[in-house]
Amino acid sequence: MSEMGSERYPDSVGMCGVDCALAPCYRTGTCLGCRSGNHDQKRISKWKCRIRICVLSKNLGHCGECDEFPCKIRRRLDKNYREKYGIDLLANTRALADLGPVRWCLCQQSENRCRDCGGTVDPYKHTCYECGKLLG
Ligand code: SF4
Ligand SMILES: [Zn+2]
């Protein structure tokens, strides 16, 4: 956990607006989340993530607190998420700024809940982690 402002940020709250808690690598423990500084985790992509490095260098909680948001450093990620997964990371980031991390996490959970079993939906494969159903 890290602390910014009045609320604590779980390690799973991505600095770019991704909710790591919904990602397979976080759920399997391969990655401990964007904010984790633990070097004993298998997934290493975050150490060179330009967005993460930039947010930390500016001492911000996430991009939504930045005057330059949305900047060109984010452009490829935002486009990929929109086109590949149908995820609007810019909206996610704005919501994080509006709601704060605690309410944002709850909203992310409820937006990604399986209608059939109440489990969590993998937003990348649109499949429920619990019952395996493909959700439209
Ligand atoms: S919006 Fe861009 S400049 Fe601002 S913190 Fe995020 S990556 Fe850095
Ligand atoms: Zn389900």
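These notes cover the structure that comes with them. (Residues numbered from 1 in each chain as written. Chains lettered and ligands numbered in written order. Predicted model: local features only at pLDDT ≥ 70, side-chain atom pairs only at ≥ 80, totals over all residues. Heavy atoms only, no water.)

1. Describing the coordination of the zinc ion (ligand 2)
Heads up, the rule is: Water is not among the atoms examined, so metal sites may look incomplete; donors are the N, O and S atoms within 2.8 Å of the metal, or within 3.2 Å for Na, K and Ca. Working rule for geometry: tetrahedral if four donors all subtend angles between 85 and 135 degrees; square planar for four, octahedral for six, if opposite donors exceed 155 degrees and the others stay between 65 and 115; irregular in every other situation. Helix numbering and strand numbering both begin at the N terminus, where a helix is a DSSP run of H or I of at least 4 residues and a strand a DSSP run of E of at least 2. Note on classification: 1.4 Å probe, protein chains only; a residue is buried when its accessible area is under 20% of the maximum for its type, exposed when over 50%, partly exposed between these limits.
Around the zinc ion (ligand 2), the protein supplies Cys114 (SG), Cys117 (SG), Cys128 (SG) and Cys131 (SG) as donor atoms, at distances of 2.3 Å. In this structure, the zinc ion (ligand 2) is coordinated by 4 donor atoms arranged in tetrahedral fashion, with angles at the metal of 100 to 117°. All donor residues of the zinc ion (ligand 2) come from one chain, and their arrangement in sequence is C-x2-C-x10-C-x2-C. Of this pair, Cys114 sits in the loop between α4 (89–111) and β3 (121–122) while Cys128 is found in strand β4 (residues 127–128), placing the two residues 14 residues apart along the sequence. In terms of burial, Cys114 and Cys128 fall into one category: buried.

2. As for the packing of aromatic side chains
Inclusion rule: Stacked, tilted and edge-to-face pairs are distinguished by plane angle, under 30 degrees for stacked and over 60 for edge-to-face with tilted covering the rest, among Phe, Tyr and Trp rings (Trp via its six-membered ring) whose centres lie within 6.5 Å.
This model, assessed by the stated rule, comprises 3 aromatic pairs. When the centroid spacing of 5.8 Å and the interplanar angle of 85° are considered together, the rings of Tyr81 and Tyr124 count as edge-to-face. One end of the pair, Tyr81, is in helix α3 (residues 75–85); the other, Tyr124, is in the loop between β3 and β4, and 43 residues separate them in sequence. Residue classification places Tyr81 among the buried positions, given a relative accessible area of 12%. Ring plane angle 85° and centroid distance 4.8 Å describe the contact between Tyr85 and Tyr124, whose orientation is recorded as edge-to-face. Here Tyr85 is found in helix α3, whereas its partner Tyr124 is found in the loop between β3 and β4, with 39 residues between them in sequence. A relative accessible area of 23% means that Tyr85 is categorised as partly exposed. Pairwise contacts between aromatic rings join Tyr81, Tyr85 and Tyr124 into one cluster.

Coordinates in, geometry out; function isn't part of it.
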